[in-house]
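Residue-level listing of the chains:
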Amino acid sequence: MLAYQLSGVGPDMMLVISRGVGQGWRHALATAAGCVSAGVVQIPLLAMGLASLVTSSPTLYSFLQIIGATYLIAIGIKFLLARRLGEGGGASTFANTNSIPAAFRQGMICNLTNPTTLAFMLAVLPQFVHPWSGSPALQFIILGATMKITGLVILGAVALTSGAVGGWLARRNSFLVWQERLAGALMIAIGVRLLLTAVGGRR
């Protein structure tokens, strides 16, 4: 499970990094918490055996990928269009849609619309479930929760690191104007990559 969390930069991690660079560690941590909180939906689906319906359907799998990619692109565009209030070295001000609760919600939606996470859980976790050890559903819940906690630790570290980078940029007027643009560009880039992957997979 830890190997999966460290295996590469996926939509969740990119969203957290973008939030950290564009808005700071608080928004990044809220995004990370949202990504992990998606387990509230995913783990019961896994325990009830419904997750296989999603991962076994190429059409539904691609559909979720497209939704997730489109959502990331939309968030990235919001960053690019965000207006800075005040003069010169003033701090960046976002609309209410980019508040900390919104960052949490966006992280949760991003993770829920990433079927790769569900596919991994379905492929790996059953190997650690043993009927003689008790209720399989309870074992799925414990294993899924463990995976999510591990993910929170890793994404939390990424959030703090990217937030530090964002803070460094914010203290330098020459980079200030590009801070949100960089965050938006990162989100759009990962969104486009996911969209191309989803569209290519349907051919």
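Look up a bit, the structure's there.
Only a predicted model underlies this, so the values are computations on that prediction, with no experimental measurement involved.

A. Focus on the overall build of the protein chain. Within the protein chain, the regular secondary structure consists of 10 helices and zero strands. Listing every helix and strand of the protein chain by position from the N terminus yields α-α-α-α-α-α-α-α-α-α. Taken over 203 residues, the protein chain has a buried fraction of 41%. In the protein chain, the share of contacts with a sequence separation of at least 24, taken over all contacts with a separation of at least 6, comes to 80%. A total of about 10300 Å² of accessible surface is found on the protein chain, and carbon and sulfur atoms cover 71% of it.

B. View of the packing of helix α2 (residues 11–23) against helix α6 (residues 58–81). Packing of α2 against α6 leaves a shortest axis separation of 12 Å and a crossing angle of 10°. Here α2 is positioned roughly parallel relative to α6, judged by the angle of their axes. Together, P11, L15, S18, R19, G22 and Q23 of α2 and L72, I75 and F79 of α6 make up the contact between the two elements. Split into classes, the residues belonging to the contact of α2 with α6 amount to five nonpolar, three polar and one charged.

C. View of α6. In this model α6 runs 34 Å from its N-terminal to its C-terminal C-alpha over 24 residues, within 8% of the 34 Å that 1.5 Å per residue would give. Every buried residue of α6 is accounted for by Y61, S62, L64, Q65, G68, A69, L72, I73, I75, G76 and F79.

Cut-offs applied
Residues numbered from 1 in each chain as written. Predicted model: local features only at pLDDT ≥ 70, side-chain atom pairs only at ≥ 80, totals over all residues. Heavy atoms only, no water. Helix = DSSP H or I, 4+ residues; strand = E, 2+ residues; numbered from the N terminus. Buried < 20%, exposed > 50% of the residue type's maximum accessible area, 1.4 Å probe, protein only. Contact = heavy atoms within 4.5 Å. Areas by Shrake-Rupley, 256 points an atom, 1.4 Å probe, with all protein chains shown as cover. Axes fitted to C-alpha atoms, helices over the stretch in contact; angles between N-to-C directions. Parallel < 35°, antiparallel > 145°, perpendicular 65-115°, else oblique. Nonpolar A, V, L, I, M, F, W, Y, C, P; charged D, E, K, R; others polar. Expected span 1.5 Å × (residues − 1).

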